[in-house]
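Here are the chains, one letter per residue:
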Amino acid sequence: MPFHVKSVGPMGTGTVYYQDGEVWTQVYADRKQYSSKSDADALAATQITRVTGGRTYTYQPDIYKNSTVVTE
């Protein structure tokens, strides 16, 4: 059973689907499909770590924070 990750587009512009890398698309057919839910869950839990001025901080971008794993 395949899975995919969807989220809300920037400024609430509708549904977007994870495609690859840092690319999200509004085209359903272009979404990336996962064979396991754990792989899709790992993507949805993506966090970014930055170092600024000698300080390290980690955050989750809104596109991932607002994402949902969908069973097809």
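Residues numbered from 1 in each chain as written. Predicted model: local features only at pLDDT ≥ 70, side-chain atom pairs only at ≥ 80, totals over all residues. Heavy atoms only, no water.

1. A closer look at the side chain of Thr25
Part 1 of the reasoning: Position of Thr25 among the secondary structure elements: in strand E3 (residues 23-25).
Part 2 of the reasoning: Among the polar contacts listed, one links the side chain of Thr25 to the backbone nitrogen of Val27, at a separation of 3.0 Å.
Part 3 of the reasoning: If near-sequence neighbours (up to four positions away) are discounted, Thr25 is found in contact with Val16, Tyr17, Gln19, Asp30 and Arg31. (Helix = DSSP H or I, 4+ residues; strand = E, 2+ residues; numbered from the N terminus. Polar contact = N/O pair within 3.5 Å; in protein donor to acceptor, adjacent residues only side chain to side chain. Contact = heavy atoms within 4.5 Å.)

2. Some thoughts on the pairing of strand E4 (residues 48-52)
Along any regular strand the residues' side chains alternate between the sheet's two faces.
Part 1 of the reasoning: Bridge count for E4 against strand E5 (residues 55-59) is five bridges, and the pairing is antiparallel. Paired with Arg50 across the strands is Tyr57, a residue of E5.
Part 2 of the reasoning: Here E4 hands over to E5 after two residues, with Gly53 in that stretch at a positive phi of 60°. (Pairing = 2+ DSSP bridges.)

3. Thoughts on the packing of aromatic side chains
Geometry of an aromatic ring pair is reported as the spacing of the ring centres plus the angle between the planes.
Part 1 of the reasoning: Taken as a whole and judged by the stated rule, the model has four aromatic pairs.
Part 2 of the reasoning: Geometrically, the ring pair formed by Tyr18 and Trp24 is edge-to-face, given 5.4 Å between the ring centres and 75° between the ring planes. In this structure, Tyr18 and Trp24 share a single accessibility class: buried.
Part 3 of the reasoning: Arranged with centres 6.1 Å apart and planes meeting at 25°, the rings of Tyr57 and Tyr59 form a pair that is stacked.
Part 4 of the reasoning: Tyr59 sits in the partly exposed class, given a relative accessible area of 32%.
Part 5 of the reasoning: Grouped by ring-pair contacts, the aromatic residues Tyr18, Trp24 and Tyr64 constitute a single cluster.
Part 6 of the reasoning: For the cation-ring pair, Arg31 lies above Tyr28, with the distance from its terminal atom to the ring centre recorded as 3.8 Å. (Phe/Tyr/Trp six-rings, centres within 6.5 Å; stacked < 30°, edge-to-face > 60°. Buried < 20%, exposed > 50% of the residue type's maximum accessible area, 1.4 Å probe, protein only. Lys NZ or Arg CZ within 6 Å of the ring centre and 35° of its normal.)

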